[in-house]
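Each chain is listed here by its residues.
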Amino acid sequence: MDAASFIDLTHHLSPETLARRTNPLKDIIRISMENPHLVSLANGDPHHTLYPIRRIDYEVASVAPEDPVADWRSLGNAAPTQVLSTSQDEDSDRLLKSSLQYGHGAGLADALKTVTEINNAYHRAPYHVPTMTLGNADAITKCFRMLGAPGDYFLADEFTFAPMPIAAEAHGVKWIPVKIDSGGIVPEELERILATWNPERGRRPHVLYSVPCGQNPTGSTLSAARRRQIYDIARRYDLVIIEDDPYYFLQYDKPISEFPESFLSMDVDGRVVRIDSFSKIMAPGMRLGWITSSPSFRTHLVKYTDLSTQHPHGFGQVLITALLGPHGWQLAGFDKWVRSLRADYQRRRDFFLALFEREVASTGLANTYVPEAGMFVWIRVHVDKHPRFKSGLAQESASGAVARTNTSALMTELFEACVAGGLVICPSSVFMLRADPRYDDVSSPIDDRSNYLRATFAGSEGTMAAGIPILGRVLKEFFATPTQDG
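Note that the structure is a prediction, hence the values are computed from the model and not measured. (Residues numbered from 1 in each chain as written. Predicted model: local features only at pLDDT ≥ 70, side-chain atom pairs only at ≥ 80, totals over all residues. Heavy atoms only, no water.)

1. With respect to the overall build of the chain
To keep it simple, the criterion reads: Put simply, DSSP marks the helices as runs of H or I at least four residues long and the strands as runs of E at least two long, and each gets a number from the N terminus on. The quantity called the radius of gyration is restricted to C-alpha atoms. Its globule counterpart is 2.2 Å times the number of residues to the power 0.38. Under the scheme applied here, a residue whose accessible area is under 20% of the maximum for its type counts as buried, over 50% as exposed, and between as partly exposed, the area being computed with a 1.4 Å probe on protein chains only. Residue contacts follow a heavy-atom distance rule, with two residues in contact if any of their heavy atoms lie within 4.5 Å. Reported accessibility uses the Shrake-Rupley method at a 1.4 Å probe radius. Residues are deemed covered only where the shown protein chains occlude them. Positive charges come from Lys and Arg, negative ones from Asp and Glu, while His and the chain ends are left out of the count. All charge positions are set by atom: Lys at NZ, Arg at CZ, Asp at CG, Glu at CD.
From N to C terminus, the chain includes 15 helices and 17 strands. Computed over C-alpha atoms, the radius of gyration of the chain comes to 24 Å, within 12% of the 23 Å expected from 2.2 N^0.38 for 486 residues, which places it in the range of a compact globule. With the C-alpha coordinates aligned to their principal axes, the bounding extent of the chain is approximately 80 × 60 × 40 Å. The buried share of the chain, reckoned over its 486 residues, is 53%. Partitioning the intrachain contacts of the chain with sequence separation of at least 6 by distance along the chain shows that 75% fall at a separation of at least 24. Of the roughly 21100 Å² that the chain leaves accessible, carbon and sulfur atoms contribute 54%. Separation of charge centres in the chain, based on 49 positive and 57 negative side chains, amounts to 2 Å.

Here is the structure:
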């Protein structure tokens, strides 16, 4: 297989994408960048001798220790470091100068080479190509606009990180929720939606947005078997899969060699658009990541970037290039860092779960499962044990679906009780994608299944030790309260 084997998926592109012209000045810049022997009088950026920056030194953690993250965290200012300097050699100096200039929408060539090296080490996608981004949010919104037209339907987990669907809704995209369980999206539910789609509703959904590892908010991870099922469904029903995978390196209880195969690695059609980020493995303020896609999709992503955000900031691209370069960690050091990082997060997860078992699960009022990846624990509250729980109702929800219980109201009260008790925790209501009762299966309305809370174990042990007992205490007080005012 090669890139020429990818099928034509241009029918998935939005009218906006198809109408977008290439930035002609960027094409000229590209010619200059690809042919440095040419004399250029075409550029409009200041000469590099006028940049008031001569050198940048990045002091980063050393990966020499056996457990670099543990040393970095525990030793503080005494932890071993190494300095990456843009004045180390001619290549470093050249990289700094090019990073401070206007560039191509795909990103610096050196940075693209770096993330390609990461892709090749952890996935099998030799014919997909990267595009640098300003982190996941930037990448996702660009993908949504590339593929979504007003009136289009996209598919996503019924509980989904709220900012992502909101971003697409502003462009007229509508969402179809797919039921999930502790193992993530249920393939049979996905296929049922597609197989029974009513054409009177409009175009059948053609994009699936998925967070396969440590899904936010539920913490679920798709097994290799489910991923294969979902990719097969995508091929049969002509879906593009947006694989948003910021927690890929934060998978627990197994070696990296046993991580489930990514959608990207399965992709033989060019229908997977994968999104990666340095936010969870380095620092979110870097605002740097990359999209990996077919060359065809990349062309449109670069067009959009060249006419909007421009290429990502040079400082971050220099950092990751130097970090994985010959004077930095290199790929082996990066691998050592992410292995050490996930061991640290696994320790935090286990600390959280031990506290939860003692302080919360022991009450019999809530339980959870062990997340295989990510940063979140999805807590199920046994709201049906509350003295004011009611079933057999017929209450219309915000979407028009008829709720049969007062679960939503009780969970709102519980959230307010947590805040009053000194704890902020995320209610499931902020993550819900609501079904349309005119077309969707609402035999089990999501409002009746909103008895969940999302908590993070990404904080310090002190934060967890302070917060989890509050949750246990508030639950006991709340369930002992016969009336709202009592």
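2. With respect to the sheet that holds strand β12 (residues 366–367)
Quick note on the threshold: Pairing between two strands is assigned when DSSP locates at least 2 bridges connecting them. Lines fitted to C-alpha atoms define the axes here, with helix axes fitted over just the stretch in contact, and angles between the N-to-C directions of these axes take values from 0 to 180 degrees.
Spatially, the four strands line up as an open sheet ordered β12-β13-β17-β16, and their pairing is antiparallel. Sheet topology places β12 and β16 (426–427) at the edges, where each strand pairs with a single neighbour. Pairing geometry for strand β13 (residues 376–381) and strand β17 (residues 452–456), over five bridges, is antiparallel. If you follow R380 over to β17, its bridge partner there is Y452. Contacts from helix α14 (residues 407–420) reach β13, β16 and β17 within the one sheet, and its direction differs from that of β17 by about 35 degrees.

3. Examining the pattern of salt bridges
Two side chains of opposite charge can pair, provided their charged atoms sit close to one another. Rules: Any Lys or Arg side-chain nitrogen located within 4 Å of an Asp or Glu carboxyl oxygen qualifies as a salt bridge.
Counted by the stated rule, this structure contains 32 salt bridges. When the shortest N-O distance is used, the salt bridge between R271 and D269 registers 3.1 Å. According to the relative accessible area criterion, D269 is buried, its value standing at 5%. Between D436 and R438 there is a salt bridge; the shortest N-O distance is 2.8 Å. Taking the relative accessible area as the measure of exposure, R438 reaches 66% and is therefore exposed. Here the residues in one salt-bridge network are R73, D344, R347, R348 and E461, joined through shared partners.

4. Here's the deal with the sheet that holds strand β5 (residues 174–178)
One open sheet holds the seven strands; their spatial order is β3-β11-β10-β9-β8-β4-β5, and the pairing between them is mixed. The strands lining the two open edges of the sheet, one partner per strand, are β3 (129–133) and β5. When strand polarity is set aside, the average angle formed by the axes of neighbouring strands in this sheet is 20 degrees. Pairing geometry for strand β4 (residues 153–157) and β5, over five bridges, is parallel. Residue pairing for β5: Y153 is matched across the bridge by K174.

5. Things to note about the packing of aromatic side chains
What counts is decided by this rule: Two aromatic rings, drawn from Phe, Tyr or Trp (for Trp, its six-membered ring), form a pair once their centres lie within 6.5 Å of each other, and the interplanar angle then sorts them: stacked below 30 degrees, edge-to-face above 60, tilted otherwise.
By the definition in use, this model includes 22 aromatic pairs. Ring centres 5.6 Å apart and planes at 70 degrees place the aromatic pair F144 and W175 in the edge-to-face group. Separated by 31 residues along the polypeptide, F144 in helix α6 (residues 136–147) and W175 in strand β5 bring together distant segments of the chain. Judged on exposure class, the residue F144 and its partner W175 are both buried. An aromatic cluster is built from Y122, Y248, F249, F259 and F334, whose rings are joined through pairwise contacts.

6. With respect to the environment of T17
By secondary structure assignment, the location of T17 is in helix α1 (residues 15–19). Placed 312 residues apart in sequence, T17 and W329 show a C-alpha to C-alpha distance of 39 Å. Setting aside residues up to four positions removed in sequence, T17 forms contacts with R145, M146 and H300.

7. Side note on α6
Spelled out, the test is: For a helix, the expected span equals 1.5 Å multiplied by the residue count minus one.
Between its first and last C-alpha atoms α6 spans 16 Å; for twelve residues at 1.5 Å apiece the expected length is 16 Å, and the two agree. Listed in full, the buried residues belonging to α6 are N136, D138, A139, I140, K142, C143, F144, M146 and L147.

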